[in-house]
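If you want the building blocks of each chain, they are given just below.
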Amino acid sequence: MSTERARIIGDAAIEILADLGMRGLTHRAVDAAAGLPSGSTSNLARSRAALLELALARLTELEDEHFAELLTRPMPADGREAMVELLSVSTHKMIVVDRRRSIARYELALEATRRPELRAVYDDIGRRYRDQGVAVFTAAGTADPVRHGRQLVAFTEGLLFDAVVGAGVTPTLDDLRAAFGEYLSALFRDGSPT
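Just so it is clear, the model here is predicted, and its values are computed rather than measured.

**A closer look at the nonpolar core**
And step 1. If you look at the biggest cluster of nonpolar residues, it comprises 45 residues, and the most contacted ones within it are L17, L25, V30, L108, F137, L152 and L184.
And step 2. Elements that contribute at least two residues to this core include exactly helix 1 (4-20), helix 4 (48-72), helix 5 (79-95), helix 6 (99-112), helix 7 (116-140), helix 8 (145-164) and helix 9 (173-188).
And step 3. Excluding residues that lie within four positions of it along the chain, L152 makes contacts with M83, L87, F137, F180 and Y183.

Laid out in structure tokens, this is it:
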């Protein structure tokens, strides 16, 4: 984000989305939640679409920080075990520590299905994460890294959705280790590196 004011407004918008959903997200509500003078949010994001894009940009910035270790760490020789641990810890954090942020992301994802301008931004961000998954599986030497990378994102999203907004229970870190371990074992059965 370009300015501290944009970060403050983005953080407030994320909190409102988590607490009140899309209907609660107004310029006035963001001003109040951020402790800013009336009109501050509309000065930065004039339209609702601009406010949604600002919230999504801030959410992306926070998620990039969250995934930095996962996406930049080179694959060690014992790649599968390291991947299981990184994926488990990262997903657990998104479910437990950053749960409200995950809820806000789902609010924005649903809104993107109705707003083409937001859909384009959301899809571009999603593509970056899928491309990183493909890169991880390419480095690991799996038989079909494109398919495996995309499926890993879908598998992780399913676990996250079920725990945060679905009917599932909150998995423990060990539950996630078992889930990712079983999932990755199936992918590596084809004789790809461990």
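**Quick word on the pattern of salt bridges**
For side chains bearing opposite charge, pairing can occur when the charged atoms are close.
And step 1. All chains considered together, the criterion is met by 17 salt bridges.
And step 2. Here E61 and R58 are joined by a salt bridge, their closest N and O atoms 2.1 Å apart. One end of the pair is E61 and the other is R58, both in helix 4 and 3 residues apart, which spans about a single turn.
And step 3. Classification of E61 as partly exposed rests on a relative accessible area of 22%.
And step 4. By relative accessible area, which is 9% here, R58 ends up buried.
And step 5. Across the pair E111 and R115 runs a salt bridge whose closest N-O atoms are separated by 2.7 Å.
And step 6. A residue is classified by how much of its surface remains accessible, and E111, at 10% relative accessible area, is buried.
And step 7. Residues participating in the shared-partner salt-bridge network are D11, R58 and E61.

**As for the side chain of R105**
And step 1. Within the fold, R105 resides in helix 6.
And step 2. In this structure R105 touches L59, E63, M94, Y122, E157 and L160, once residues within four positions along its chain are discounted.

**As for helix 1**
Side chains of residues three or four places apart in an α-helix project in the same direction, reflecting 3.6 residues per turn.
And step 1. Given a rise of 1.5 Å per residue, 17 residues ought to cover 24 Å, and the 24 Å separating the end C-alpha atoms of helix 1 matches this to within 8%.
And step 2. When we look at burial in helix 1, the residues that qualify are A6, I9, G10, A12, A13, I14, I16, L17 and A18.
And step 3. G21 occupies a position one or two residues after helix 1 and carries a positive phi of about 80°.

**What to know about the packing of aromatic side chains**
And step 1. What the rule picks out here adds up to 3 aromatic pairs.
And step 2. Centre to centre, the rings of Y106 and F161 are 5.2 Å apart; their planes meet at 85°, and the pair counts as edge-to-face. Of the two residues, Y106 sits in helix 6 while F161 sits in helix 8, which places them 55 residues apart along the sequence.
And step 3. Relative accessible area serves as the criterion here: at 11%, Y106 is assigned to the buried category.
And step 4. Relative accessible area serves as the criterion here: at 43%, F161 is assigned to the partly exposed category.
And step 5. When the ring of F155 is compared with that of F180, the centres are 5.6 Å apart and the planes differ by 75°; the resulting orientation is edge-to-face. Highlighted residues: F155 in helix 8 and F180 in helix 9, separated in sequence by 25 residues.

Criteria and cut-off values
Residues numbered from 1 in each chain as written. Predicted model: local features only at pLDDT ≥ 70, side-chain atom pairs only at ≥ 80, totals over all residues. Heavy atoms only, no water. Core = buried A, V, L, I, M, F, W, Y, C linked by side-chain atoms within 4.5 Å. Buried < 20%, exposed > 50% of the residue type's maximum accessible area, 1.4 Å probe, protein only. Helix = DSSP H or I, 4+ residues; strand = E, 2+ residues; numbered from the N terminus. Contact = heavy atoms within 4.5 Å. Salt bridge = Lys/Arg side-chain N within 4 Å of Asp/Glu carboxyl O. Expected span 1.5 Å × (residues − 1). Phe/Tyr/Trp six-rings, centres within 6.5 Å; stacked < 30°, edge-to-face > 60°.

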